[in-house]
Amino acid sequence: AVARGDLLPLPRILSLALARVRGEVVKVELEHERGILMYEVKILTPGGVIREVELDARTGALIKIEDD
């Protein structure tokens, strides 16, 4: 899917997620919800909170950020 251009490569997704939330990536999932392929990136912040960043898997557009 990455080679066809259907999905962004994981390093690009991680870079986009960490640009939104500073910390250490602890988990990444590729999911299909509401007709959209998305990456869910869980990040442990320096303050000890796990935040979930959801990005469109094709474009990298931010869907939402929430505390996990």
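Note that the coordinates shown come from a computational prediction; the quantities given were computed from them, not determined experimentally.

Caption draft 1: Fine view of the overall build of the protein chain. Each helix and strand counted, the protein chain has one helix and four strands in total. Element order for the protein chain, N to C, with α for helix and β for strand: α-β-β-β-β. By the compact-globule yardstick of 11 Å for 68 residues, the protein chain fits well, its C-alpha radius of gyration being 12 Å. Overall size of the protein chain, expressed as C-alpha extent along the three principal axes, is 40 × 25 × 15 Å. Taking all 68 residues of the protein chain together, the buried fraction comes to 29%.

Caption draft 2: Up close: the nonpolar core. One finds Leu7, Leu8, Ile13, Leu16, Ala17, Val21, Tyr39, Val41, Ile43, Val53, Leu55 and Ala57 forming the largest nonpolar core, which totals 12 residues. Elements with a contribution of two residues or more to this core: α1 (10-20), β2 (36-44) and β3 (50-56). Discounting chain neighbours no more than four positions away, the residues touching valine 53 are Ala17, Val21, Tyr39, Glu40, Val41, Ile43, Leu62, Lys64 and Ile65.

Caption draft 3: Quick look at the sheet that holds strand β1 (residues 24-33). What the four strands build is an open sheet, ordered β1-β2-β3-β4; its pairing is antiparallel. The open sheet has two edge strands, β1 and β4 (62-67), and neither has a second partner. Neighbour-to-neighbour, the strand axes of this sheet turn through a mean angle of 20 degrees, independent of strand direction. Sitting on the sheet, α1 touches β1, β2, β3 and β4, and the angle it makes with β2 is about 55 degrees.

Caption draft 4: Broad picture of the pattern of salt bridges. Within this structure, the stated rule accounts for six salt bridges. Between glutamate 52 and lysine 42 there is a salt bridge whose closest N-O contact spans 4.0 Å. Taken together, the residues glutamate 52 in strand β3 and lysine 42 in strand β2 connect sequence positions 10 residues apart. For lysine 42, a relative accessible area of 16% puts it in the buried group. What emerges from the salt-bridge pattern is a single network uniting Lys42, Glu52 and Asp68.

Caption draft 5: Geometry of the pairing of β3. Summarising burial for β3: five of the seven residues are buried, a large majority. Bridge analysis of β2 against β3 gives seven bridges, and the strand direction is antiparallel. Its bridge partner lying in β3, methionine 38 is registered against aspartate 56. Note: β3 against β4, five bridges, orientation antiparallel. What sits directly across from glutamate 54, in β4, is lysine 64. Connecting the antiparallel pair β3 and β4 is a turn made up of five residues, with glycine 60 showing a positive phi of about 85 degrees.

Criteria and cut-off values
By convention here, each chain's residues receive numbers from 1 onward along its written sequence. Confidence filtering applies because this is a predicted model: local features only for residues at pLDDT of at least 70, side-chain atom pairs given and counted only at 80 or more, and all residues used for totals across whole chains, interfaces and linings. Side-chain metrics in this entry use all non-hydrogen atoms of the structure; hydrogen atoms and water are not considered. Runs of E in the DSSP output that reach at least two residues are strands. Runs of H or I that reach at least four are helices, and both are numbered from the N terminus. Note on method: radius of gyration uses C-alpha positions; expected globular size equals 2.2 Å times residues raised to 0.38. The classification of residues rests on relative accessible area computed with a 1.4 Å probe and restricted to protein chains. Under 20% of the type maximum is buried, over 50% is exposed, and intermediate values are partly exposed. Take the buried residues of types Ala, Val, Leu, Ile, Met, Phe, Trp, Tyr and Cys, join any two whose side-chain atoms come within 4.5 Å, and each joined set is a nonpolar core. Should any heavy atoms of two residues lie within 4.5 Å, those residues are counted as being in contact. Two strands qualify as a pair provided DSSP detects at least 2 bridges between them. Angular values range over 0 to 180 degrees, each being the angle between N-to-C directions of two axes fitted as lines to C-alpha atoms, with helices fitted over their stretch in contact. The salt bridge definition used is simple: a Lys or Arg side-chain nitrogen within 4 Å of an Asp or Glu carboxyl oxygen.

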